[in-house]
Amino acid sequence: TRSFTDPSVSMELLRAVLQPSINEEIRGVFNKYMKFFQTAAINVRDNVGEEVDPEQLIQETCRSCLEQAKLLFSDGKKVVPRLPHEQAVPKRARQMDEELSRRGSPVPKKRKGRPPGQSLSNDRGVSGMAAWKLKVSEPVKRDGPKWDPSRLTETTTFVLGSRANKALGMGGTRGRLYIKHPHLFKYAADPQDKHWLTEQQHMRAIGGKMAYLLIEEDIRDLAASEDYRDSVDLRLEELKPFIPPAWMTEKMQKHMETLRRGGDVPPPEEPPE
């Protein structure tokens, strides 16, 4: 048993009391820069293909920022572990990080241009996007009636993700829907699914690019919400819903169950175009 007079115990108790306030302030800092992460993640999706998950990229980047911030409090003996993708960072970039941490400054000298706090509401790919409130280390919740596989029946209608983006007024940038609403169920069509979708003229042959299917009811619920119902960009006629064959619905049921239980999403079977 450790005494409350133990310095480490006393400091830990203080930290526990202050932690909620600290977390709120950290969240505020990330929200300040989130517009940059969003824009970059969307650009990656546009350049690489729809198999890229922008939300995951943003989460990884935020975690990387937190890992680098630890260097500000390094005692010079312990090495802060880097994330796997940081191993390939050029030596000059690593030296700059270390130099900044020694100076006690988390950011380099300001450059000319727009300050981080200035609104980007008119930027391409960001217009109309609601502020993405970061919840540090909070996983996407996949529970409730919308994540019950039994809701997927042989009469359930689906829409293509690309059409859902257009219907909600986000057609200019692929993938924005998935960033703004990470709790939506989406299913990545495999080659067999794509073949059926193409044969039925629900979509054109798209080579190696990913095609996501979403539940029509979920998209219409979003369209009726406060965020969209008064939007002049709402185009629900773009949805073009369809009923997939039973074998495809069964695959989507299994996929939903896997995600609901916290399982990993299988990697795409085809490379980006």
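Residues numbered from 1 in each chain as written. Predicted model: local features only at pLDDT ≥ 70, side-chain atom pairs only at ≥ 80, totals over all residues. Heavy atoms only, no water.

For the protein, an unreviewed UniProt entry supplies the name Deoxynucleotidyltransferase terminal-interacting protein 1 and the organism Machaerirhynchus nigripectus. Taken verbatim from the UniProt record of the protein, the Function (unreviewed entry) comment is "Increases DNTT terminal deoxynucleotidyltransferase activity (in vitro). Also acts as a transcriptional regulator, binding to the consensus sequence 5'-GNTGCATG-3' following an AT-tract. Associates with RAB20 promoter and positively regulates its transcription. Binds DNA and nucleosomes; may recruit HDAC1 complexes to nucleosomes or naked DNA." What UniProt states about the protein under its Subcellular location (unreviewed entry) heading is, verbatim, "Nucleus". (UniProt positions renumbered as here; feature names shortened; annotations may be inferred.)

Asker: Explain the pairing of strand β3 (residues 212–215) here, please?
Answerer: Side chains on a regular strand alternate between the two faces of the sheet. In β3, alternate side chains face the same way, and those of Tyr-212 and Leu-214 on one face and Leu-213 and Ile-215 on the other are all buried. Judged from the three bridges that link them, strand β1 (residues 158–160) and β3 form a sheet pairing that is antiparallel. Following the sheet pairing, Leu-160 is matched in β3 by Leu-213. With three bridges connecting them, strand β2 (residues 186–188) and β3 associate as antiparallel partners. Paired with Ala-188 across the two strands is Tyr-212, which belongs to β3. (Buried < 20%, exposed > 50% of the residue type's maximum accessible area, 1.4 Å probe, protein only. Helix = DSSP H or I, 4+ residues; strand = E, 2+ residues; numbered from the N terminus. Pairing = 2+ DSSP bridges.)

Asker: In this structure, what is going on with helix α6 (residues 191–199)? I would like to understand it.
Answerer: Turning to α6, its buried residues number three or more, namely Asp-193, Lys-194, Trp-196 and Leu-197. The buried residues of α6 occupy an angular sector of 160° when projected down its axis, which confines them to one face. Across from the buried face of α6, at angles greater than 90 degrees, the exposed residues are His-195 and Glu-199. Packed against the buried residues of α6 are β1, β2, β3 and α8 (246–260). Directly beyond the C-terminal end of α6, a positive phi value near 60° is found at Gln-201. (Arc of directions from axis to C-beta. Contact = heavy atoms within 4.5 Å.)

Asker: Sorry, what's going on with the pattern of salt bridges here?
Answerer: Think of it this way: side chains of opposite charge can pair up when their charged atoms draw near. This model, assessed by the stated rule, comprises 14 salt bridges. In this structure, the salt-bridge partner of Arg-27 is Glu-24, at a minimum N-O distance of 2.5 Å. Note that Arg-27 and Glu-24 are positioned in helix α1 (residues 7–48) at a spacing of three residues, about one turn of the helix. With a closest N to O distance of 3.0 Å, Arg-151 and Glu-217 form a salt bridge. Taken together, the residues Arg-151 in the loop between α3 (91–103) and β1 and Glu-217 in helix α7 (residues 216–223) connect sequence positions 66 residues apart. Among the residues examined, Arg-151 registers a relative accessible area of 19% and is labelled buried. Judged by its relative accessible area of 46%, Glu-217 falls in the partly exposed class. Via salt bridges that share partners, Lys-146, Arg-151, Glu-217, Asp-218 and Asp-221 belong to a single interconnected network. (Salt bridge = Lys/Arg side-chain N within 4 Å of Asp/Glu carboxyl O.)

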